[in-house]
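The primary structure of each chain is shown beneath.
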Amino acid sequence: MKPVGAFGPAIAARGVESGVGATGIRHEAFLYLGDIGFLSATRDFILAGLAADEDVLVILGEPRLTLLRGALGRAGKRVDLVDLADLGRNPARLIPAWQEHLEQGDERGRTVRGIVEPVRSDCSGPELAECMLHEELTNEAFSGPRSWRLRCLYEAAALDPATTDLVWQTHPMVVKGGLARPSTRFHPAGAQPARGAAGGAVAAGAVGSGGDLFAERLPDLGPPWSEISFGPTNLGLVRAASAAAARAVRLGSERVDDLELAVHEVATNSVRHGGGRGTVRFWPDQGGLVCEVTDAGLVADRLVGRRRPALDLGGGRGLWLVNQLCDLVQLRSGPTGTTVRMYVH
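Worth saying up front: this structure is predicted, and the values here are computed from it rather than measured.

Undergrad: Where do I start with the confidence of the model for the chain in this structure?
TA: Should pLDDT be low for a region, the predicted coordinates there are not to be read in detail. Model confidence for the chain is summarised by a mean pLDDT of 86, while 85% of its residues fall at 70 or above. The least confident element of the chain, judged by mean pLDDT, is helix H8 (residues 196-199) at 30; the most confident is strand E2 (residues 55-60) at 98. Low pLDDT (under 50) marks residues 192-210, which in the prediction has 39 contacts with non-local residues, meaning those over four places away or in another chain.

Here it is, written out as structure tokens:
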């Protein structure tokens, strides 16, 4: 991949401010290089929002957050700066953060904009795959009518060609070389058919190469440590097996409880909505455990677990809770069934 050169703030601002849609999200990727490129992608964008009396939320990891805070100076006090580490390593928690940002703006009668750098330098393969799925689903989550802008930052030199291609596929607008342009590779979430059984699984630890990321098979993890088939009468066995597997890899007592509850929620969903039965599998992972629940059901709501549930909602909190309890959750669903893979470290 050829890295993108650094460019000046004035050029970047002129290119990006054009072509804003009247409704829905303007979801753009900004490919930058180094500290100068990072500040070109952030500082003027934020100051333009403040000048327009907009609420600005920035979600970044360190050391980028400290670099930006220093560049903004006193203006930074008017910006909501959030450390990405505070949200955890699960990208499924990002859409609820933007949802809350928009709701707060509505309450104050203000327009909003945001900046996020979703891919950390130390992302694992599964985490990177979830970042790309999150980007795809963001277009669907905020399709309208609220008009706002979200800029997603990517350090170009750190991206491999497959990830770069997915950035272009999941963002309607891409800023490269100082100019914003519509992505000719963009397709709305779920618009292209999944590869399914004929296409096979993506390489272990890798992101996909097009199509509907939500329906792609997850990478094969090899023979599981243990495997249990379950139905309505033996959900207790699933909980016991989850707790035993978590203790076997020396997870702390709180994490054992987290995994046990998360697996129970997913298995209960399989019984209620996935054909009444399912299979749970466990693998040891570096510093933790991977647990997977599969069933024959089909998830119709691609954003399930990614919207903050209403306080008065009696049910439907299961996958939301799972995303809060686990360090990473991978949900895939298609014609061959549904898989929920949970990572607890």
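Having seen it, we continue.
Undergrad: What exactly am I supposed to notice about unusual backbone geometry here?
TA: Peptide bonds are trans in most cases, and residues, glycine excluded, mostly fall at negative phi. The omega torsion of the bond from Glu62 to Pro63 falls at 5°, within 30 degrees of zero and hence cis. With respect to the helices and strands, the residue Pro63 is situated in the loop between E2 and helix H3 (64-72). Here the phi dihedral of Asp53 falls at roughly 60°; this positive angle occurs in a residue that is not glycine. As for its placement among the helices and strands, Asp53 is situated in the loop between helix H2 (34-51) and E2. Assessed through its relative accessible area of 45%, Asp53 is described here as partly exposed. Although it is not a glycine, Arg250 sits at a positive phi angle of roughly 65°. Mapped onto the elements of the fold, Arg250 is located in the loop between helix H9 (235-248) and helix H10 (253-273).

Undergrad: How do you make sense of the sheet that holds strand E5 (residues 148-155) when you look at a structure like this?
TA: Hydrogen bonds between backbone atoms are what pair the strands of a sheet, whose relative direction is either parallel or antiparallel. A sheet is described by the order of its strands in space; here seven strands give the open sequence E3-E2-E4-E5-E1-E6-E7, paired in mixed fashion. Either end of the sheet is taken by a strand with one partner, and the two such strands are strand E3 (80-83) and strand E7 (179-182). Neighbour to neighbour, the strand axes of the sheet diverge by 20° on average, direction disregarded. Against the sheet, H2 contacts strand E1 (25-32), E2, strand E4 (112-116) and E5, and its axis sits at roughly 165° relative to E4.

Basis of the calculations
- Residues numbered from 1 in each chain as written.
- Predicted model: local features only at pLDDT ≥ 70, side-chain atom pairs only at ≥ 80, totals over all residues.
- Heavy atoms only, no water.
- pLDDT = per-residue confidence, 0-100.
- Helix = DSSP H or I, 4+ residues; strand = E, 2+ residues; numbered from the N terminus.
- Contact = heavy atoms within 4.5 Å.
- Buried < 20%, exposed > 50% of the residue type's maximum accessible area, 1.4 Å probe, protein only.
- Pairing = 2+ DSSP bridges.
- Axes fitted to C-alpha atoms, helices over the stretch in contact; angles between N-to-C directions.

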